[in-house]
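A look at the structure
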Amino acid sequence: MARRRPSIALPAPHMTPARWALGLLLLALFAHAPALPAPGWIAFALALASRRLPARRWVPALRLGVLGLGYLVAALAFGWLDPTTLRLNLLLVLALKWAESRTPGEFALVSAAAVVGVAIGLLQWGEGIGLALVLGSMLLLLGGAGWHPGQKTGSALRAGGRHLLFALPLAGVLFLFFPRIPGPLWDIGLTFGLPLPAGIEKSNQGLGIATRLKPDQMQTGASDGQPVFVAEFENWVPPTSQLYWRGPVFYDFDGREWHLDADYGAGNGRRIMMAGWRRGSDFNKTLQSTAKEIRYKLRLTPHHGLWLYGLDLPSRLTAESFVGPDWQVLSHTPVDREIHYELSSWLEWTAGGELPAALRDQALALPAASNPRLRAFGENLRQRAATKGGDIPREALVELANGGFKVRDRFEAPTGEHALDAFWFDTRVGNSEFYAAAFVVLMRSAGVPARLVTGYRGGKLMALTDYVVVKRSHAHAWAEVWDDRKGWRRIDPTDLVAPEKFAATQARPKAAPQTAPAKPQQSADSATPPPPAAGGNFATQAAPRPATEPAWQLPDLADWMGRWVFRLDAERQKTLLGGKGDGFAWLWLLAIAAAASALTLAGSLLFARWRESRRRPPAQRAWERACRQLARHGLAPLPAECPSTYARRVAAARPAWAGAMAQLADTYTDWRYGPASAVSGPRVAVAARLLINRILAG
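Reading guide: rules and limits
Residues numbered from 1 in each chain as written. Predicted model: local features only at pLDDT ≥ 70, side-chain atom pairs only at ≥ 80, totals over all residues. Heavy atoms only, no water. Helix = DSSP H or I, 4+ residues; strand = E, 2+ residues; numbered from the N terminus. Buried < 20%, exposed > 50% of the residue type's maximum accessible area, 1.4 Å probe, protein only. Contact = heavy atoms within 4.5 Å. Areas by Shrake-Rupley, 256 points an atom, 1.4 Å probe, with all protein chains shown as cover. Patch = residues over 30% accessible without salt bridge, like charges linked within 9 Å, V, L, I, M, F, W, Y side chains within 5 Å. Salt bridge = Lys/Arg side-chain N within 4 Å of Asp/Glu carboxyl O. Lys, Arg positive; Asp, Glu negative; His and termini not counted. Charge placed at Lys NZ, Arg CZ, Asp CG, Glu CD. Pairing = 2+ DSSP bridges. Axes fitted to C-alpha atoms, helices over the stretch in contact; angles between N-to-C directions. Expected span 1.5 Å × (residues − 1). Arc of directions from axis to C-beta. Phe/Tyr/Trp six-rings, centres within 6.5 Å; stacked < 30°, edge-to-face > 60°. Lys NZ or Arg CZ within 6 Å of the ring centre and 35° of its normal. Parallel < 35°, antiparallel > 145°, perpendicular 65-115°, else oblique. Left-handed = near helix turned anticlockwise from the far one by under 90°. Nonpolar A, V, L, I, M, F, W, Y, C, P; charged D, E, K, R; others polar.

1. Notes on the overall build of the protein chain
- Counting secondary structure elements, the protein chain contains 26 helices and 17 strands.
- By residue count, 42% of the 698 residues in the protein chain fall in the buried class.
- Taking contacts inside the protein chain between residues at least 6 apart in sequence as the whole, the part at least 24 apart equals 72%.
- A total of about 37,100 Å² of accessible surface is found on the protein chain, and carbon and sulfur atoms cover 61% of it.

Here you go:
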């Protein structure tokens, strides 16, 4: 009878790679958790559990059927190309691929794809949690890549952490100095279907969105590089300087702040519709002349308002929309998720008719006590026009053209009830909000009905495409004044003060470029602005400084990382590397980065050497210390030289050290080769200390 071999229990093959890949997959699911509907988690659980199905030919077909059914259900619930549908199916593919994988190569593929899934889901979280997800995914990826049979999980994670630590200095240098293309990398993806919520900070604040507007506050509301919508033009893309995307229109001004009707803030689209137009054809009947109709499609990010941001002026509407009383394209309900729609607009138009008395009064209303110098200047313009004739808006533009005004997106804004006075007569530096608001107040003071229009102007044309990406940085404000013959006329003061700001933004060669408006020459009979009124000096109205310095606070690490890490675009990189005046700050930064990399590498090598030395027994370390002392005197041990031979050579060269060296060689030999090494170990340390003392004594 044959002798039976004892069975040896072997671990299940490739189990640990499966767990590493599963950890990364679960991290990807966590990264997308805020955007996943509850039923999706059931589908993921079933997909992962399908790993226990038997290896039969019908199992792959079953998984493909589940994937197709999942896409169909998600498409019917959210839309065929909705971001939620695409997100659910991406994660479902990863889960099913993990369930059918069996070899280390397949698990490595799933792990790499899961890291991409984590990266896509990062933008659902704040920047601190996003950084933690990145580091966690890289640690799991490196730990799984360096795993070998028999290695414990903790040891693999420590090994992956060391690899990640050694890679960080070089990664930091490349991140800082590698040239960036203008704008975030995902702009190209946005034009070709990447979900808009992947690149935005969800906010209903800022110029072009907010229902309240203070000229002395920066109204960006979120990071300037955040996209608002993407427009795809049907036949040709006009010069971006002609793209005025109409948003909130303001009439009511209390001296400090502009307000919209409460229905806009509450999202009561149906009540606003009663005063507007339900069909574009009905609205077109109110226009005197129109030209250059253009068709386009838009993908709009959720902003919790009613505005659909059509170009001035709409000619055809999309479903569930209407033209508001102030010509905006509005939705019946607030825009709470990304939507797609088509519009048509006139780029050239005149809108005549008769201005209703109630609307005229609203477009002329001003608070009695605010901005007295601007009101006095408006009265001066009205008297001048009544006496000598002339066009009041044109006279105001002449003053702008010759007043030394400057356009700045970032500046120290005047504050207080007379902020517009301080801007127009003292600082003369501001953004589009200040110019438009001051111009509207000036026109009303001169008896010309005027309103303040906000929204966006221009956009970023994606090369070789018909797509224009409009971002928060394109937020803009302009004025509209009433002409009894031509109706409402758009006036953009920034074009007169800084024609170069939009002059170089023509989008495509086949579109005729728009020439910047020439600065009108001041006529001989035009008067200069009146001198400042008493109490109108900017210095007397500035906010008083606090008597005590504010308490020291911890630096805002999240804000710093968001500015210089997560949103380090081409402009910020240029500012950082160029320093003040586009200098050579990059040389210092490169030197600091190189020094930091060298110190990190040297520190890691020293730490590794120290740790390796600590792993050796104390007796071995004592013997090596004595040998190093002898080597300083030219008596280093030779390769393959035994301790006794080494001791005789030292005794011949230095007879005074012969006894101590012989004792060290004997105790070290007993510890290394004798049976009682535990007893001999302390004797080696004593003998080594004796020899070192003799050497130091000379």
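From this point, things continue past the structure.
2. Considering a positive patch on the surface
- Judged by side-chain charge, Arg609, Arg625, Arg628, Arg632 and Arg689 come together as a positively charged surface patch.
- Here Arg632 is to be found in the loop between α23 (618–631) and α24 (643–653).

3. Overview of the environment of Pro414
- Structurally, the position occupied by Pro414 is in the loop between β11 (406–407) and α15 (419–427).
- Using a relative accessible area of 0% as the deciding quantity, one classes Pro414 as buried.
- For Pro414 and Thr427, which are 13 residues apart along the polypeptide, the C-alpha to C-alpha distance reads 8.0 Å.

4. Quick look at a nonpolar patch on the surface
- Nonpolar side chains collect at one region of the surface, where Leu69, Leu72, Val73, Leu76 and Trp80 lie side by side and expose about 530 Å² of accessible area between them.
- With respect to the helices, strands and loops of the structure, Trp80 is situated in the loop between α3 (58–78) and α4 (83–100).

5. A short note on the pattern of salt bridges
- Going through the model one piece at a time under the given rule, you end up with 23 salt bridges.
- The shortest N-O distance in the salt bridge between Arg451 and Asp326 comes to 3.6 Å. Highlighted residues: Arg451 in strand β13 (residues 450–457) and Asp326 in the loop between β8 (321–323) and β9 (329–331), separated in sequence by 125 residues. Of the two residues, Arg451 and Asp326, neither departs from the other in class, the shared state being buried.
- For Arg489, the salt bridge goes to Asp391, with nearest N and O atoms at 3.9 Å. Highlighted residues: Arg489 in strand β17 (residues 487–491) and Asp391 in the loop between α13 (372–388) and α14 (392–401), separated in sequence by 98 residues.
- On the basis of relative accessibility, which here comes to 27%, the residue Arg489 falls in the partly exposed class.
- Overlapping salt bridges bring together Arg246, Asp312, Asp326, Arg451, Glu480 and Arg490 as one network.

6. Structural notes on the sheet that holds β13
- Spatial ordering of the open sheet is given by β3-β13-β16-β17, a layout of four strands whose pairing is antiparallel. Lying at the two open borders of the sheet, with one neighbouring strand each, are β3 (244–250) and β17. Put simply, the sheet's adjacent strands are angled 35° from each other on average, direction ignored.
- The pairing of β3 with β13 spans five bridges and is classified as antiparallel. Opposite Trp245, over in β13, you have Tyr456 as the bridge partner.
- Contacting β3, β13, β16 (475–483) and β17, helix α16 (residues 432–445) crosses the sheet at an angle of about 15° to β16.

7. Digging into unusual backbone geometry
- Cis geometry marks the peptide bond from Asp312 to Leu313, where omega comes out at -10°.
- The residue Leu313 is located in the loop between β6 (289–300) and β7 (314–316) in this model.
- Residues other than glycine seldom take positive phi values, yet Glu320 does so here, at roughly 60°.
- Structurally, the position occupied by Glu320 is in the loop between β7 and β8.
- A relative accessible area of 54% means that Glu320 is categorised as exposed.

8. Thoughts on the sheet that holds β6
- Sheet architecture is open: six strands sit in the order β7-β10-β6-β2-β15-β14, paired in antiparallel fashion. Of all the strands in the sheet, the pair left with one neighbour each is β7 and β14 (460–461).
- Alignment of β14 against strand β15 (residues 467–471), held across two bridges, turns out to be antiparallel. Its bridge partner lying in β15, Lys460 is registered against Val469.

9. Digging into helix α5 (residues 104–121)
- Look at α5: 25 Å from first C-alpha to last across 18 residues, which is about the 26 Å you get at 1.5 Å a residue.
- For α5, the set of buried residues is Phe107, Val110, Ser111, Ala114, Val115, Gly117, Val118 and Gly121. Looking down the long axis of α5, one finds its buried residues gathered within 160° of arc, a one-sided arrangement. Away from its buried face, by an angle of more than 90 degrees, α5 presents the exposed residues Gly105 and Leu109.

10. Re the packing of aromatic side chains
- One pass over the structure, following the stated rule, counts 26 aromatic pairs.
- Both rings, one in Phe229 and one in Trp245, keep their centres 4.9 Å apart while their planes meet at 70°; by these two values the pair is edge-to-face. Here the residue Phe229 occupies a position in strand β2 (residues 227–233), and Trp245 occupies one in strand β3, the gap between them amounting to 16 residues. Of the two residues, Phe229 and Trp245, both sit in the buried class.
- Members of the aromatic cluster, connected to one another through ring pairs, are Phe377, Phe405, Phe411, Phe423, Trp424, Phe425, Phe434 and Tyr435.
- The positively charged end of Arg451 is found above the aromatic ring belonging to Trp327, 4.9 Å away from the centroid.

11. Thoughts on the pairing of β17
- Looking at chain direction, β16 and β17 are connected through five bridges and run antiparallel. Paired with Trp482 across the two strands is Trp488, which belongs to β17.
- From the end of β16 to the start of β17, which pair antiparallel, there are three residues.

12. Observations concerning the packing of α4 against α5
- Relative orientation of the contacting elements α4 and α5 amounts to 160°, with a least axis distance of 10 Å. Relative to α5, α4 is oriented roughly antiparallel. Of the two elements, α4 crosses α5, and the hand of that crossing is left-handed. Only Glu106, Phe107, Leu109, Val110, Ala113, Ala114 and Ile120 of α5 make contact with α4, whose side of the interface consists of Leu90, Leu94, Lys97, Trp98 and Glu100.
- Here the residues of the contact of α4 with α5 are counted per class, giving nine nonpolar, no polar and three charged.

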